[in-house]
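Chain residues, written in single-letter form:
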Number of protein chains: 2
Amino acid sequence: MVSASHADSSLEALAATLDPSRRSWVSSANASESDFPIQNLPFCVFSRASDVPRVGVAIGDQIVDVHAALSRGLLHGDALAAAEACSHRSMNALMALGRLPARALRTQLSELLRAGGAGDDARESLGPALLVAQRDVTLHLPAVVGDYTDFYASVHHATNVGRMFRPDNPLLPNYKWVPIGYHGRASSVVVSGTPVHRPMGQRKGPTDDVPAVGPSRSLDYELEVAAWVGAGNALGSTIPLSAADEHLFGLSLLNDWSARDLQAWEYQPLGPFLAKNFTSSVSPFVVTLDALEPFRAPLAPRADGDPAPLPYLSDDRDRARGGFDLTLDVSLRTATMRASGDAPVRVSRASFLDLYWSLGQMLTHHASNGCNLRPGDVLGSGTVSGPLDGAQGCLLELTRRGAQPLTLPNGEQRGFLEDGDEVVLTGYAERPGAVRIGFGHCIGVVG
Amino acid sequence: MVSASHADSSLEALAATLDPSRRSWVSSANASESDFPIQNLPFCVFSRASDVPRVGVAIGDQIVDVHAALSRGLLHGDALAAAEACSHRSMNALMALGRLPARALRTQLSELLRAGGAGDDARESLGPALLVAQRDVTLHLPAVVGDYTDFYASVHHATNVGRMFRPDNPLLPNYKWVPIGYHGRASSVVVSGTPVHRPMGQRKGPTDDVPAVGPSRSLDYELEVAAWVGAGNALGSTIPLSAADEHLFGLSLLNDWSARDLQAWEYQPLGPFLAKNFTSSVSPFVVTLDALEPFRAPLAPRADGDPAPLPYLSDDRDRARGGFDLTLDVSLRTATMRASGDAPVRVSRASFLDLYWSLGQMLTHHASNGCNLRPGDVLGSGTVSGPLDGAQGCLLELTRRGAQPLTLPNGEQRGFLEDGDEVVLTGYAERPGAVRIGFGHCIGVVG
C-alpha cells in the first residue's frame with residue numbers, strides 16, 4: 001500500500017506534468033496537432049533493426065528509450081522500478097506494477113523532456129542518446145495478452161445491431177442491468193499495421209436451404225477502445241468499483257474486425273466465434289489514465305425510466321468521472337483511392353462518453369464472480385456508436401447491413417469492406433484549457 | 001516434414017509400445033486397475049518440495065523424471081528434442097514440437113521401463129534415479145493456456161439444455177452444420193485439486209421484477225474432455241481435417257464449472273461469460289493420442305435425415321476413426337459423506353463416442369477462418385452427455401434444472417452443488433485385446 005502523503009505528492013507531481021503551459025525541447029511535441037505532447041507520454045514497445053524489443057515512451061515524433069535513460073543514470077528513486085520493467089520485451093511487467101510506478105517514471109521523464117527542465121541544458125547530448133525517431137522503429141503489440149474480453153457497452157450499437165438480428169426484440173432485458181461481455185481470442189490480437197485476411201466461413205441467408213462455405217462477403221470493422229489491465233486480482237477475489245481505476249493501466253484503439261455473415265449464422269446460442277477471432281488490431285501506444293485525467297467526465301445520462309446500476313456497479317466517483325471525453329474517428333481508403341494518392345476519408349465520428357457502462361463498471365463486473373484479471377489483459381469497450389447518424393462505429397450499422405451503401409468522394413460505394421480497403425481508427429481528447437492528447441492510429445488493410 | 005520411411009518406423013515403434021503383452025518392471029504399472037500402464041505413459045508437470053516444476057511421464061504410481069534420464073545419458077537420437085523440452089516448467093515447448101518427437105521419447109522410455117527391456121538389468125539403480133512417487137510430488141497445470149475454447153459437441157447435451165432455456169426451440173438450426181464453440185477464460189483454467197469458489201453474480205428468475213445479486217444458487221459441474229493443441233498454425237492459415245490429428249497433442253479431463261442462474265440471465269446475445277469464467281479444472285495428466293490409438297472408432301452415427309458434414313469437415317479417416325472410445329464418469333461426495341468416510345458415488349457415466357463432432361472437426365473448424373491455434377491451447381469438447389438417463393454430464397440435465405434432485409445413498413439430495421461437495425471426474429479406455437488406458441482424476445471441492 002501507498003501512504004497518503006506519498007499518494008498526495010504523486011498527485012501533485014501528476015498535476016505538474018499535465019500543466020497546459022508545459023512545453024518540450026523536443027520540438028515536434030509542441031505542434032498543436034501532435035498526438036504526443038509532453039502531457040501525454042504514452043508507452044509503446046519498439047525495436048530498431050535487429051534489436052530486441054523494449055518499452056519506450058512516445059513524445060512528438062520520437063520515442064524515449066527508457067533503457068538508455070536508465071543506463072545513463074538519469075532516472076532515480078521511485079521511477080526505477082518502472083524504468084527497469086521497461087527493459088522487457090512487453091509491457092506486462094510494467095503493467096503488473098500498477099499505476100503509481102508508471103506515474104513516477106512519466107513524471108521524471110516529463111522533467112527531463114520539458115523546456116526549462118532538468119534535461120534542457122543537456123538537450124544536445126540527450127537527444128541523440130535518448131531519442132529514436134518513430135519512423136526508424138518497428139512498433140509491437142504492447143503486451144502479451146493473456147485474455148481478451150470484449151464488452152458491448154454502447155447502448156446505441158446494441159440497439160442498432162439488435163434491431164437487425166432480432167427486429168422484434170432489439171435490446172434484450174438484461175442489457176441495462178449487466179455490462180454484457182464475452183471472451184474474445186487472445187492469439188489473434190495483433191498490432192496496428194498487420195494485414196487483415198478475409199476469413200472463410202459458413203454463411204446461410206434466411207432464404208438459403210443450406211449453408212455455403214466461402215470468403216466472408218460482409219467483412220466489417222468495429223471502432224473500439226481497448227483498456228489494458230494493470231495490476232491484476234487473484235482468482236476468487238473481486239475488485240470494488242471504487243478501486244477499479246487502480247487496475248486500469250491505460251487505453252489504446254481497437255478494431256475488432258468482424259465477418260457479419262459468419263456471425264449471423266454461428267452466434268446462437270454461445271455467441272460470436274469465427275466471425276471475430278480471425279484478427280483484432282490494437283494501436284501500439286498505451287495512453288495512461290494519468291494523461292487522460294483532464295478528460296474524465298460523466299457518461300451520457302441514462303434514459304428516463306432506466307434502472308439505476310445495481311449497488312456493486314454504482315459509486316459516486318464513477319458516476320461523476322467514470323467516462324473519458326474522447327473523440328473517435330473511422331476513416332476509410334480504398335485501393336483505388338490509395339492509387340490516386342487520396343487520403344483516407346472519415347466515415348464515422350463517435351464520442352466515448354456515449355457508452356452505457358464505464359470501463360470501471362466493466363472491470364468490476366468482470367471480476368465480480370472472482371474471475372482473475374492479469375496484467376496485459378485487454379478489455380474491449382465494444383463498438384462505440386452514438387445516437388446520431390454518422391456516429392455508428394461499424395458498417396453493419398452505418399449501411400444498414402449493406403442495404404444503404406456509403407458513397408465515397410470518388411464515387412465508389414461500400415456496403416461492407418472490399419479487398420484492399422484500408423481502415424484507420426484515430427482517437428483524441430481535446431478541450432479548452434487542456435492540451436490535446438492523441439492515441440495515434442490503428443490501421444489495417446484487408447487482403 | 002518427416003520422410004515416409006521415418007514415419008513408418010515411428011509407427012512400427014508405436015505399435016510395439018502398445019503391445020498388450022508388454023509389462024513394466026515398475027510393478028504398480030502392471031495392476032489391472034492402474035490408469036498408467038506402460039502402454040499409456042502420459043505427460044505431466046510435477047515438482048518435488050521446492051524444486052522448479054518440470055515435465056515428467058507417469059507410470060503406475062510413479063513419475064519418470066525425464067530430465068534425470070536425459071542427464072544420465074539414457075536417451076538418444078530422435079528422443080532428445082522432446083526430452084530437452086521436458087526441462088521446461090510447462091509442456092508448451094514439448095507440445096510445440098508436435099506429436100512425433102513425443103512419440104520418440106515415449107518409445108525410448110517404454111523400452112527403458114519394460115520388463116526385459118533396456119533398463120531391466122539396471123532397474124535397481126534406475127528406479128531410485130529416475131522415478132519419483134506420485135504421492136511425493138505436486139502436480140501442476142500441464143501448460144500455459146494461451147486460449148481456452150469450449151465447444152458444444154454433444155447433441156444430447158445441446159438438446160437437453162436447449163429444451164430448458166428455449167422449450168419451443170431446443171436445437172438451433174446451425175447445430176448440425178457448425179461445430180458450435182465459444183471462447184472461454186484462460187486465466188481461470190486450474191489444475192485438478194484447486195478449490196472451487198462459489199461465484200457471486202446477478203440472477204433473475206422469470207417471475208422476478210429485477211435481478212438480485214448474490215452467490216450462485218445453481219452451481220453445476222460439466223463433464224468434458226480437454227484436447228491440448230500441439231503444433232500450432234500461423235494466423236491466416238488453416239488446418240485441413242486430414243492433418244488435424246497432427247495438431248492434437250493429447251487429452252485430459254475437464255470440469256467446466258458453471259453457475260446456471262448467472263448463465264440464464266447473462267448469456268444473450270453474446271454467450272456465457274461470468275457463469276463460466278470463475279474456474280475450469282483440468283486433470284494433470286496428458287494422455288497422448290498415440291496411447292489412445294487402439295481406441296479410435298467412429299462416432300455414433302448421425303440421425304437419419306441429418307445433413308452430411310460440409311466438405312471441409314468431412315474426411316474418410318475422420319469418419320472411420322475420428323472418435324475415441326472413452327468411458328467418462330462423474331462421482332460426487334458431499335461433506336457429510338466425507339466426514340463419514342464414504343467414497344464418492346457415481347452419478348453419471350457417458351461415452352465420448354456420443355459426440356456429434358469429432359475433435360478433429362472441432363480443430364479444423366476453429367482454424368477454418370485463419371484463427372491461429374498455439375501449443376498449449378485447450379479445446380474443450382463441451383459437456384459429454386449420452387442419449388440415455390444416467391448419461392447426462394451435468395446436474396442441469398440430470399436433475400431437470402434442480403426440479404428432480406438426485407438422492408444419494410445416505411439420503412442427501414442434490415439439485416445443484418452445495419458447499420463442501422466434491423466432484424470427481426474419471427475417464428478411461430478399455431476393450432478386449434488392449435490394455436486399459438486411464439486419465440487419472442479431475443477433482444474439485446466447492447467452497
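Residues numbered from 1 in each chain as written. Chains lettered and ligands numbered in written order. Predicted model: local features only at pLDDT ≥ 70, side-chain atom pairs only at ≥ 80, totals over all residues. Heavy atoms only, no water.

**Quick look at the packing of aromatic side chains**
Using the following cut-off: Note on ring pairs: Phe, Tyr and Trp rings are taken, using the six-membered ring of Trp, and paired if centres are within 6.5 Å. Classes follow the plane angle, with under 30 degrees stacked, over 60 edge-to-face and the rest tilted. Partly exposed residues are those whose accessible area sits between 20% and 50% of the maximum for their type, while under 20% is buried and over 50% is exposed, using a 1.4 Å probe and protein chains only. Helix and strand labels come from DSSP, where a helix needs a run of H or I of at least four residues and a strand needs a run of E of at least two; each type is numbered from the N terminus. Note on criteria: charge over ring means Lys NZ or Arg CZ within 6 Å of the ring centre, with the direction from the centre no more than 35 degrees off the ring normal.
This structure, assessed with the given rule, holds 12 aromatic pairs over all chains. Ring plane angle 75 degrees and centroid distance 5.5 Å describe the contact between Tyr356(A) and Trp357(A), whose orientation is recorded as edge-to-face. Exposure class is identical for Tyr356(A) and Trp357(A). Each is buried. Where Phe36(B) meets Phe285(B), the ring centres are 4.5 Å apart and the plane angle is 50 degrees; that geometry is what we call tilted. Of this pair, Phe36(B) sits in the loop between helix H1 (4-18) and strand E1 (43-47) while Phe285(B) is found in the loop between strand E15 (280-282) and strand E16 (287-288), placing the two residues 249 residues apart along the sequence. The residues Phe36(B) and Phe285(B) share a single accessibility class, namely buried. Every member of this aromatic cluster is reached through a ring pair, and the members are Tyr152(A), Tyr175(A), Tyr356(A) and Trp357(A). Positioned over the ring face of Phe295(A) is Arg431(A), at 5.9 Å from the centre of the ring.

**Some thoughts on the confidence of the model for chain A**
For clarity, the threshold we go by: Every residue carries a pLDDT, the predictor's confidence in it, which falls somewhere between 0 and 100.
The share of residues in chain A with pLDDT of 70 or more is 98%, and the mean pLDDT across the chain is 96. Scoring the predicted complex yields pTM 0.97 and, for the interface, ipTM 0.97.

**Observations regarding the sheet that holds strand E2 (residues 54-59) of chain A**
Residue and element names in this part refer to chain A. Going by this rule: Strands pair, by our definition, only if DSSP identifies at least two bridges between them. Convention adopted: a line fitted to C-alpha atoms gives each axis, helices being fitted over their contacting stretch, and angles between N-to-C directions are expressed from 0 to 180 degrees. Contacts are assigned to residue pairs that have any heavy atoms within 4.5 Å of one another.
Ordered in space as E4-E3-E2-E1-E5, the 5 strands form an open sheet in which the pairing is antiparallel. Edge strands, defined here as strands with exactly one partner in the open sheet, are strand E4 (131-133) and strand E5 (138-140). Strand-to-strand twist of the sheet, defined as the mean angle between neighbouring strand axes without regard to direction, takes the value 50 degrees. With respect to the sheet, helix H6 (residues 123-130) is in contact with strand E3 (62-65) and E4, its orientation differing from that of E4 by roughly 60 degrees.

**Quick notes on the interface of chain A and chain B**
Put simply, the rule reads: Simply put, the buried area is the total loss of 1.4 Å probe accessible area from both parts when two parts are fitted together. Salt bridges are defined by distance alone: a side-chain nitrogen of Lys or Arg within 4 Å of a carboxyl oxygen of Asp or Glu. The term polar contact refers here to a pair of N or O atoms within 3.5 Å; inside protein, the definition further demands a hydrogen-donor-capable atom paired with an acceptor-capable atom, and it admits residues adjacent in sequence only when both atoms are side-chain atoms. Classes in brief: Ala, Val, Leu, Ile, Met, Phe, Trp, Tyr, Cys and Pro nonpolar; Asp, Glu, Lys and Arg charged; the others, Gly included, polar.
Of the residues lining the interface, 56 residues belong to chain A; the matching set on chain B comes to 56 residues. Of the roughly 5,000 Å² buried where chain A meets chain B, counting both sides, 62% is carbon and sulfur surface. At the boundary of chain A with chain B, the tally comes to 4 salt bridges. A salt bridge links Arg185(A) to Asp147(B); its shortest N-O distance comes to 3.4 Å. Applying the counting rule to chain A against chain B returns 32 residue pairs in polar contact (both at pLDDT 80 or more). Those elements that place two or more of their residues in the side of chain A that touches chain B are strand E6 (148-151), strand E7 (181-183), strand E9 (200-203), helix H8 (260-266) and helix H11 (359-367) of chain A. The greatest single-element share of the side of chain A that touches chain B, amounting to 3 residues, is contributed by E7(A). Here the residues of the side of chain A that touches chain B sort into 29 nonpolar, 21 polar and 6 charged.

**As for the nonpolar core**
Residues and elements named next belong to chain B. Our working definition: Nonpolar cores are built from buried Ala, Val, Leu, Ile, Met, Phe, Trp, Tyr and Cys residues. Side-chain atoms within 4.5 Å join them into one set.
Counting residues in hydrophobic clusters, the biggest one holds 82 residues, and the most contacted among them are Tyr221, Leu251, Leu292, Leu326, Phe352 and Leu417. At 5 residues, helix H7 (residues 155-165) tops the list of elements feeding residues into this core. Not counting chain neighbours up to four residues away, the residues in contact with Leu326 comprise Leu251, Leu292, Ala350, Ser351, Phe352, Tyr428, Ala429 and Phe439.

**Comments concerning the relation of the copies chain A and chain B**
This is how it is decided: Superposition of the copies used a least-squares fit over C-alpha atoms from residues whose pLDDT is at least 70 in both.
Once chain A is rotated about the relating axis by 180 degrees and shifted along it by 0.0 Å, it coincides with chain B to within an RMSD of 0.0 Å. Seen this way, the second copy is the image of the first under a two-fold rotation axis. Across chain A, the rotation axis passes nearest the C-alpha of Gly271(A), at a separation of 2.1 Å.

**Some points on the sheet that holds strand E4 (residues 131-133) of chain B**
Residue and element names in this part refer to chain B. Read from one edge to the other, the open sheet built from 5 strands follows the order E4-E3-E2-E1-E5, with strand pairing classed as antiparallel. What marks the edges here is a single partner per strand, and that holds for E4 and strand E5 (138-140). Here the strands of the sheet are splayed against their neighbours by 50 degrees on average, with no regard to which way each runs. Judged from the 3 bridges that link them, strand E3 (residues 62-65) and E4 form a sheet pairing that is antiparallel. Counterpart to Gln62 in the pairing with E4 is Ala133. Against the sheet, helix H5 (residues 99-113) makes contact with E1, strand E2 (54-59), E3 and E4, and its axis sits at roughly 75 degrees relative to E1, the strand it touches most.

**Description of H6(A)**
All names here are of chain A. The condition that has to hold: Note: the arc covers the axis-to-C-beta directions of the helix.
The complete set of buried residues in H6 reads Leu126, Gly127 and Leu130. For H6, the angular spread of the buried residues around the axis is 105 degrees, confining them to a single face. Of the exposed residues in H6, the ones pointing more than 90 degrees away from its buried face are Glu124 and Pro128.

**Quick notes on unusual backbone geometry**
Cis geometry is adopted by the peptide bond preceding Pro269(A), which originates at Gln268(A) and carries an omega value of 5 degrees. Considering the arrangement of structural elements, one finds Pro269(A) in the loop between H8 and strand E15 (280-282). For Ala49(B), which is not glycine, the phi dihedral falls at a positive 40 degrees. Tracing the backbone shows Ala49(B) in the loop between E1 and E2. The backbone of Arg401(B) sits at a positive phi, close to 60 degrees, despite the residue not being glycine. A relative accessible area of 40% means that Arg401(B) is categorised as partly exposed.

**Considering the pattern of salt bridges**
Opposite charge on two side chains makes pairing possible when the charged atoms of those side chains draw close. All names here are of chain B. Taken as a whole, this structure holds 56 salt bridges over all chains when the rule is applied. We note a salt bridge from Arg349 to Asp329, for which the minimum N-O separation is 2.7 Å. Of this pair, Arg349 sits in strand E20 (residues 345-351) while Asp329 sits in strand E19 (residues 326-333), placing them 20 residues apart in sequence. Residue Arg349 is classed as partly exposed on the basis of its relative accessible area of 34%. Residue classification places Asp329 among the buried residues on the basis of a relative accessible area of 6%.

**Some words on the pairing of strand E6 (residues 148-151) of chain B**
When a strand is regular, its side chains alternate between the sheet's two faces. Residue and element names in this part refer to chain B. In E6, alternate side chains face the same way, and those of Tyr148 and Asp150 on one face and Thr149 and Phe151 on the other are all buried. Relative to strand E21 (residues 378-380), E6 runs parallel, the two being bridged by 3 bridges. Its bridge partner being in E21, Asp150 is matched across the sheet by Gly380.

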